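Below are the chains, spelled out letter by letter.
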Amino acid sequence: MIKAILTTLFYIVSCAVLVAAHTIASGVLASYGSAHLLSFGSHVPAFSVSSMTLMHNSALLCFGVLLVSAALALLVLFRAKSREAKLYWVSSLAVVNYYVTVLLLGAVAAGFFWLPKLANSV
């Protein structure tokens with residue numbers, strides 16, 4: 001019973017972290033704006049440009065992953081036969097949610113803040 005409760009909490013928190021990642025990415029974009037990349041100098045790395053695109057589409061990314069994850073979790077809960085299989089697949093979906101969150105927030109940190117500063121300081 002403890003494993004089921006912990007897996008459920010692990011999955012619910014991963015869904016909440018996805019929503020928080022979208023909030024952080026859109027908040028950073030709203031606070032700094034698109035002109036922030038040019039505030040360090042004239043060199044803008046290509047990764048920073050793709051990071052900016054990712055930040056603009058963070059709602060589509062996060063809520064799309066959340067929708068697919070919830071649909072797959074429901075499918076697993078109704079289709080999987082053993083309890084261990086259900087716990088394994090729901091935990092795997094939570095890990096994917098965390099991975100997408102780390103990918104988005106890493107792109108925001110590296111592409112929006114660190115790389116433009118490094119490209120123009122050399």
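Everything here concerns the structure above.
To keep things clear, this report deals only with the structure shown in the data block. (Residues numbered from 1 in each chain as written. Predicted model: local features only at pLDDT ≥ 70, side-chain atom pairs only at ≥ 80, totals over all residues. Heavy atoms only, no water.)

Another aspect to go through is the overall build of the protein. Across its full length, the protein holds four helices and zero strands. What you see in the protein, going N to C, is helices and strands ordered as α-α-α-α. For a compact globule of 122 residues, the expected C-alpha radius of gyration is about 14 Å, and the protein comes in at 18 Å, more than 25% above that figure. Reported as C-alpha extents along the three principal axes, the dimensions of the protein are approximately 60 × 25 × 20 Å. Evaluated residue by residue, the protein yields a buried proportion of 33% over its 122 residues. Considering only residue pairs separated by 6 or more positions, the protein has 84% of its internal contacts joining residues 24 or more positions apart. With an accessible surface of roughly 7,400 Å², the protein has 76% of that area assigned to carbon and sulfur atoms. (Helix = DSSP H or I, 4+ residues; strand = E, 2+ residues; numbered from the N terminus. Rg over C-alpha atoms; globule rule 2.2 N^0.38 Å. Buried < 20%, exposed > 50% of the residue type's maximum accessible area, 1.4 Å probe, protein only. Contact = heavy atoms within 4.5 Å. Areas by Shrake-Rupley, 256 points an atom, 1.4 Å probe, with all protein chains shown as cover.)

So, about the side chain of Ser51. Structurally, Ser51 is set in helix α2 (residues 46-56). In this structure Ser51 touches Ala107, Val108, Gly111 and Phe112, once residues within four positions along its chain are discounted.

What follows concerns the state of the cysteines. Taken as a whole and assessed by the stated rule, the structure comprises zero disulfides. Cys62 supplies the cysteine sulfur nearest to Cys15, a cysteine that is in no disulfide, at a spacing of 11 Å. (Disulfide = S-S within 2.5 Å.)

Let us look at the nonpolar core. By size, the foremost hydrophobic cluster in this structure holds 23 residues, and its most contacted members are Tyr11, Leu18, Met55 and Phe112. Only α1 (2-32), α2, α3 (58-79) and α4 (83-121) provide two or more residues apiece to this core. Discounting chain neighbours no more than four positions away, the residues touching Met55 are Ala25, Val28, Leu29, Val108 and Phe112. (Core = buried A, V, L, I, M, F, W, Y, C linked by side-chain atoms within 4.5 Å.)

What follows concerns a nonpolar patch on the surface. A contiguous nonpolar patch, built from Met1, Ile2, Ile5, Leu6 and Leu9 and spanning about 560 Å² of accessible area, is present on the exposed surface. Taking relative accessible area as the criterion, Ile5 reaches 42% and is therefore assigned partly exposed. (Patch = residues over 30% accessible without salt bridge, like charges linked within 9 Å, V, L, I, M, F, W, Y side chains within 5 Å. Salt bridge = Lys/Arg side-chain N within 4 Å of Asp/Glu carboxyl O.)

A few words now on the packing of α2 against α4. Where α2 contacts α4, the two axes come as close as 9 Å, and the packing angle between them is 135 degrees. One element, α2, and the other, α4, form an angle in the oblique class. Regarding α2 and α4, the two cross each other, and that crossing is left-handed. Taken together, the residues of α4 that come into contact with α2 (itself represented by Phe47, Ser48, Ser51, Met52, Leu54 and Met55) are Leu104, Ala107, Val108, Ala110, Gly111, Phe112, Leu115 and Pro116. Split into classes, the residues belonging to the contact of α2 with α4 amount to 11 nonpolar, three polar and no charged. (Axes fitted to C-alpha atoms, helices over the stretch in contact; angles between N-to-C directions. Parallel < 35°, antiparallel > 145°, perpendicular 65-115°, else oblique. Left-handed = near helix turned anticlockwise from the far one by under 90°. Nonpolar A, V, L, I, M, F, W, Y, C, P; charged D, E, K, R; others polar.)

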